Amino acid sequence: MALAEKPEKYVRAIPGAEAAPCKGGWELTLPGTERRALLNPTAWELWGLCRQAVKQEALAEHLVNRYGLPREQARQDVATFCREAQRAGFLLGILPAPTDFCVGLTTRCNLS
């Protein structure tokens, strides 16, 4: 990556969050906290993709492919989803992706 380039933005769902269907979508809760969020069906799809660390660009690509959105609109929608989910405490922003490094616990890296 050149120094002038921005690192890619990755996001991941907070572990332990629980979901239950409700009128109009899904309600997320985090046991032991007062955190709650209501997701519409499209946000629920994005949430499911965030169970593993995922590039925000990949989320936008999903919206383009599934719903035929213009790419810039999909990027804006993903940015809004990520910002609101992070504000509510259900999504982590990660720079860089957690699989981009190897911890030196062994003499070889198994991340292939």
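Analysis parameters
Residues numbered from 1 in each chain as written. Predicted model: local features only at pLDDT ≥ 70, side-chain atom pairs only at ≥ 80, totals over all residues. Heavy atoms only, no water. Axes fitted to C-alpha atoms, helices over the stretch in contact; angles between N-to-C directions. Helix = DSSP H or I, 4+ residues; strand = E, 2+ residues; numbered from the N terminus. Parallel < 35°, antiparallel > 145°, perpendicular 65-115°, else oblique. Left-handed = near helix turned anticlockwise from the far one by under 90°. Contact = heavy atoms within 4.5 Å. Nonpolar A, V, L, I, M, F, W, Y, C, P; charged D, E, K, R; others polar. Buried < 20%, exposed > 50% of the residue type's maximum accessible area, 1.4 Å probe, protein only. Pairing = 2+ DSSP bridges.

## Here we look at the packing of helix α2 (residues 56–67) against helix α3 (residues 71–87)
Contact geometry of α2 with α3 gives a least axis separation of 8 Å together with a crossing angle of 125 degrees. By the angle between their axes, α2 is oblique relative to α3. Read as a crossing pair, α2 and α3 show a hand that is right-handed. Mapping the contact onto sequence places Q56, E57, L59, A60, E61, L63 and V64 in α2 and R71, A74, R75, D77, V78 and C82 in α3. A breakdown of the residues in the contact of α2 with α3 according to their chemical character gives 7 nonpolar, 1 polar and 5 charged.

## Here we look at the side chain of T29
Within the fold, T29 resides in strand β3 (residues 25–29). Residue classification places T29 among the buried positions, given a relative accessible area of 17%. Apart from residues no more than four positions distant in its own chain, T29 is found in contact with A17, E18, R35, R36 and F90.

## Quick look at the sheet that holds strand β5 (residues 54–55)
The antiparallel open sheet is built from 3 strands, whose spatial order is β5-β1-β6. Sheet topology places β5 and β6 (91–94) at the edges, where each strand pairs with a single neighbour. Inspection of the sheet shows strand β1 (residues 10–13) paired to β6 by 4 bridges, in the antiparallel sense. What sits directly across from A13, in β6, is L91.

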